[in-house]
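Each chain is listed here by its residues.
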Amino acid sequence: MNNFSFYNPTKIIFGAKQIAAISKEVPANARVMLAYGGGSIKKNGVYDQIIAALGDRLVSEFSGIEANPEYETLVRAAKQVQTDNIDFILAAGGGSVIDGVKFIAAAAHYEGDPWEIMTKGGKVVKSAVPFGAVLTLPATGSEMNSGSVVTRSEYKAKLPFGSPLVYPVFSVLDPTTTYTLPVRQVINGVIDPFVHVMEQYMTYPVGAHLQDRLAEAILQTLIDVGPQALAEPENYEVRANIMWCATMALNGLIGVGVPQDWSTHMIGHELTALYGLDHAQTLAVVLPANLRVRKADKLAKLAQYAERVWGITEGSDEEKAEAAIAKTEEFFFNLGAGTRLEHYDLDSSVIDTIIKQLESHHMVKLGEKQDVTPDVSRAILQRALADS
Ligand code: NZQ
Ligand code: ZN
C-alpha cells in the first residue's frame with residue numbers, strides 16, 4: 001500500500017426528513033445565499049423545506065446554475081456573494097450546483113482573475129466562503145469531496161479544480177429527494193459512481209486489500225440496486241443505497257494509498273464540452289473502450305474484478321478480463337445508456353477535434369502510469385466508435 005494522508009471534514013446528515021436539520025448547522029446569524037439550478041427543487045418540495053429550516057436568517061437566492069455549470073454564471077453569483085455580504089452558501093441540487101458553489105465560494109474571496117482558479121487547478125485558492133449542501137442527485141460525490149468541474153463554453157473547456165478549502169461543511173442526503181429524478185439522471189447516478197470506483201480500483205495491485213474490497217463492495221451494490229431504482233423509483237432502501245454508494249465512491253476513502261487513473265473522466269469531459277453528452281454518458285462510452293485498449297497493463301486487476309465482482313472464474317486472465325469488460329458494457333447498456341459514440345450520433349470525424357482539445361488542456365499524460373498519450377486516447381476513441 002502506498003503512503004497516504006486522509007482528511008475529510010464534511011459532516012454527512014443522512015436520511016428522510018433530514019433537511020430540517022440544517023437549521024442547526026447553518027450559523028444562526030448567517031447571511032445565506034441559497035444557490036440552485038433550473039428549478040427542480042421548487043417542484044419536489046426541497047425548496048420549501050430549506051426555506052422553512054433557514055427560518056429568520058437573511059436569504060439571498062441565486063438560481064439558474066446549469067447542468068455542467070457555466071463559468072460566466074458562477075462569476076455572476078460570486079459577485080452577488082460580495083455585494084450581498086454573504087457569509088454562508090447553501091447549495092441545493094446535483095453535482096453541478098454543488099460544484100458551482102465550490103467555485104463561487106472560492107471566486108468570491110479571490111482577488112485576481114477568477115479563471116486562474118481553473119487554469120491553476122485550484123492551487124491559487126487561499127480562502128473560500130463556507131458552504132453546505134442539500135444533495136438531490138446522487139452521482140458525483142461532490143457532496144463530500146473537494147473537487148469541482150466548471151465549463152467555459154466560449155473556450156469549449158470543461159476543467160476540474162480542487163482545494164481543501166472547498167469541502168462542504170455539511171451535506172444533507174435525503175434519499176426521498178431523489179424520487180423525482182428523470183430516468184436519464186437515475187441512470188447517470190449509477191454509472192458515474194461506478195466509474196469513479198473503477199478509476200481508483202482498475203489500475204495495478206499495490207497490496208491495498210481493504211481499498212480493493214471496499215471498491216468491489218460499492219461496485220456490487222450498484223450492480224444490484226441500479227436496475228431496482230429504475231424498476232421501483234420510490235423504493236427508499238434502494239435509493240438510500242445508491243445515495244451512499246455515490247458518496248462513498250468519491251469521498252477519498254477508497255482512493256487512499258492506491259494508484260488512480262482518471263483518463264476516462266478527462267476524455268469524457270472533452271466529449272461533454274464539445275458535444276453536450278451528459279457526464280455519465282461520456283463515461284459509459286469511454287470506460288469499456290479504455291479498458292479494452294489498455295487491457296494488458298491492467299490485466300491483474302481486470303482478472304480480480306472479473307472473479308470478485310462478476311463471478312467469472314473460467315478461462316485465462318485475458319479471457320476473464322474480456323468477459324468482465326463485456327459485462328461492464330452490458331450493465332451500462334441495459335440500464336439505458338449508449339456505450340458507443342455512434343449511439344450519440346458521433347462518428348470518426350470527431351476524434352481529431354477531441355484530441356486537439358485534450359492537448360490544449362495538457363491532458364497528454366493521463367492514467368496511473370501517465371502513459372495515456374494523445375495516441376492512446378485516439379486508440380480509445382476509435383475503439384469507442386461503433387459496435388464491432
Ligand atoms: O437544475 P435542476 O432544475 O435542479 O435540474 C437538475 C439537472 O437538470 C436535475 N435534477 C437534480 N436533482 C433532481 C433533478 N430533477 C428532478 N429531481 C431531482 N431530485 O438533474 C439535472 C442534472 O443535474 P446535474 O447536477 O448536472 O447532474 P450531476 O449530479 O450528474 O452532476 C454532473 C456534473 O458534476 C461533474 C460533472 O462533470 C458535471 O459537470 N462532476 C463532478 C465531480 C466532483 N465534484 O467530484 C466528479 C464527477 O466525475 C463529475 O465530473
Ligand atoms: Zn464522474
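Predicted model, so just to flag it, every value in this text is computed and none were measured.

Draft legend 1. Main features of the side chain of Asp 99. For Asp 99, the position within the fold is in helix H5 (residues 95–107). An unpaired buried charge is present at Asp 99: no salt bridge exists, and Lys 102, the closest side chain of opposite charge, is 4.4 Å distant. A distance of 2.6 Å separates the side chain of Asp 99 from the side chain of Ser 142, its partner in a polar contact. Sequence-distant contacts of Asp 99, defined by excluding residues within four places in its chain, comprise Pro 69, Ser 142, Gly 147, Ser 148 and Val 149.

Draft legend 2. A look at the side chain of Glu 216. One can find Glu 216 in helix H8 (residues 209–231). The exposure class assigned to Glu 216 is buried, which follows from its relative accessible area of 3%. Residues in contact with Glu 216, not counting those within four places in the same chain, are Tyr 201, Gln 304, Arg 308 and Val 309.

Draft legend 3. Region of the structure containing the coordination of the zinc ion (ligand 2). Summarising the metal site, the zinc ion (ligand 2) is bound by the protein donors Asp 192 (OD), His 196 (NE2), His 265 (NE2) and His 279 (NE2), whose distances to it range over 2.0 to 2.1 Å. In terms of primary sequence, the donors binding the zinc ion (ligand 2) are separated according to D-x3-H-x68-H-x13-H. Here His 265 lies in helix H10 (residues 263–275) and Asp 192 lies in helix H7 (residues 183–201), a separation of 73 residues in the sequence. An identical accessibility class is assigned to Asp 192 and His 265; each is buried.

Draft legend 4. Here's a closer look at the packing of aromatic side chains. For the coordinates displayed, the defined rule picks out 13 aromatic pairs. Ring geometry for Tyr 71 against Trp 115: centres 4.9 Å apart, planes inclined by 75°, an arrangement best described as edge-to-face. Of this pair, Tyr 71 sits in helix H4 (residues 71–83) while Trp 115 is found in helix H6 (residues 115–119), placing the two residues 44 residues apart along the sequence. Under the relative-accessibility criterion, Trp 115 is labelled buried at 11%. Note on Tyr 201 and Tyr 305: the rings are 6.3 Å apart at their centroids and 65° apart in plane angle, and the pair reads as edge-to-face. Residue Tyr 201 is located in helix H7, and its partner Tyr 305 is located in helix H12 (residues 299–310); the two are separated by 104 residues in the primary sequence.

Draft legend 5. Local environment of the pairing of strand E7 (residues 157–162). Here strand E6 (residues 147–152) runs beside E7; their pairing, made up of six bridges, is antiparallel. The residue of E7 that forms the bridge with Ser 148 is Phe 161. Here E6 folds back onto E7, and the loop between the two strands holds four residues, one of which, Lys 156, carries a positive phi near 50°.

Draft legend 6. Focus on the pattern of salt bridges. All told, the structure shown has 19 salt bridges when counted by the stated rule. The closest approach of N and O atoms between Asp 261 and Lys 298, which form a salt bridge, is 2.8 Å. Placement of Asp 261 in the loop between helix H9 (236–249) and H10 and of Lys 298 in the loop between helix H11 (279–293) and H12 is noted, with a sequence separation of 37 residues between them. Asp 261 sits in the buried class, given a relative accessible area of 8%. Among the salt bridges present, the one from Lys 295 reaches Glu 318, with a minimum N-O distance of 3.1 Å. Placement of the pair is Lys 295 in the loop between H11 and H12 and Glu 318 in helix H13 (residues 317–335), with a sequence separation of 23 residues.

Draft legend 7. Up close: the nonpolar core. Ranked by internal contacts, the top residues of the largest apolar core, which has 67 residues, are Ile 191, Phe 194, Met 198, Tyr 305 and Trp 310. If you tally residues by element for this core, the top one is H7, at nine residues. In terms of nonpolar packing, the next biggest core, distinct from the first, is built from 40 residues, Ile 65, Ile 86, Ile 89 and Phe 161 among them.

Draft legend 8. Molecular detail of the packing of H8 against H9. Contact pair H8 / H9: the axes reach a minimum separation of 9 Å and the direction vectors enclose 140°. With respect to each other, H8 and H9 are oriented oblique. Considering the relative orientation of H8 and H9, their crossing is left-handed. Each of Ile 218, Thr 221, Leu 222, Val 225, Gly 226, Gln 228 and Ala 229 in H8 lies in contact with H9, whose residues at this interface are Val 238, Arg 239, Asn 241, Ile 242, Cys 245, Met 248 and Ala 249. Partitioning the contact of H8 with H9 into residue classes produces nine nonpolar, four polar and one charged.

Draft legend 9. Expanded view of the site of ligand 1. Lining the immediate surroundings of ligand 1 are 33 residues, of which Gly 38, Ser 40, Ser 96, Asp 99 and Lys 158 lie closest. Between ligand 1 and the protein, one listed contact pairs an oxygen atom with a side-chain N or O atom of Ser 96 at 2.5 Å. At a separation of 3.1 Å, a nitrogen atom of ligand 1 approaches a polar backbone atom of Gly 147. For ligand 1, whose unbound accessible area comes to 960 Å², protein coverage reaches 88%. Broken down by secondary-structure element, the contributors of at least two residues to the shell around ligand 1 are H5, E6, H7 and H10.

Draft legend 10. Highlighting H11. Look at H11: 21 Å from first C-alpha to last across 15 residues, which is about the 21 Å you get at 1.5 Å a residue. Remark: the principal bend of H11, roughly 25°, maps to Val 286, with a proline, Pro 288, within the next four residues. Counted residue by residue, H11 has 14 buried out of 15 residues, so it is predominantly covered.

Rules used in this analysis
Counting starts from 1 at the beginning of each chain's written sequence and moves along it residue by residue. The naming scheme follows written order: chains are lettered A onward, ligands numbered 1 onward. Residue-level local features of this predicted model are given only where pLDDT is at least 70; pairs of side-chain atoms are given and counted only at 80 or more, and the full residue set underlies all totals for whole chains, interfaces and linings. Just so you know, side-chain values use all the structure's heavy atoms and leave hydrogens and water out. Runs of H or I in DSSP of at least four residues are treated as helices and runs of E of at least two as strands, each being numbered from the N terminus. We call a residue buried when its accessible area falls under 20% of the maximum for its residue type, exposed when it is over 50%, and partly exposed in between, using a 1.4 Å probe and counting protein chains only. The convention is simple: Lys and Arg are positive, Asp and Glu are negative, and His and the chain ends are not counted. Salt bridges are counted wherever a side-chain nitrogen of Lys or Arg sits within 4 Å of a carboxyl oxygen of Asp or Glu. Here a polar contact is taken to be a pair of N or O atoms separated by no more than 3.5 Å, where protein atoms must pair a possible hydrogen donor with a possible acceptor and residues adjacent in sequence count only if both atoms sit in side chains. Contacts are residue-level and defined by heavy atoms, with any inter-residue pair within 4.5 Å sufficient. Donor atoms are limited to N, O and S found within 2.8 Å of the metal ion, a distance that becomes 3.2 Å for Na, K and Ca. With water left out, some sites might look partial. Centre distance within 6.5 Å is the pairing criterion for rings of Phe, Tyr and Trp, where only the six-membered ring of Trp is used; planes under 30 degrees apart are then read as stacked, over 60 as edge-to-face, and the remainder as tilted. Whether two strands pair comes down to DSSP finding at least two bridges between them. What makes a nonpolar core is a set of buried Ala, Val, Leu, Ile, Met, Phe, Trp, Tyr and Cys residues whose side-chain atoms join them at distances within 4.5 Å. Every angle, taken between N-to-C directions, lies between 0 and 180 degrees, and every axis is a line fitted to C-alpha atoms, over only the stretch in contact when it is a helix. Should an angle fall under 35 degrees it is taken as roughly parallel, and over 145 as roughly antiparallel, whereas 65 to 115 is taken as roughly perpendicular and any remaining angle as oblique. Helix crossings get a hand from a simple test, with the near helix turned counterclockwise from the far one by less than a right angle marking a left-handed crossing and a clockwise turn marking a right-handed one. Under the scheme applied, nonpolar residues are Ala, Val, Leu, Ile, Met, Phe, Trp, Tyr, Cys and Pro; charged residues are Asp, Glu, Lys and Arg; polar residues are all the others, including Gly. Think of it this way: one heavy atom of a residue within 4 Å of a molecule or strand is enough to make that residue near it. For the area figures, the Shrake-Rupley method with a 1.4 Å probe applies, and any residue is considered shielded solely by the protein chains shown. A helix's residues, less one, multiplied by 1.5 Å, set its expected span. Bend is computed residue by residue as the angle between axes fitted to the seven residues ending at the residue and the seven residues starting at it.

The values are spatial; any link to function lies outside them.
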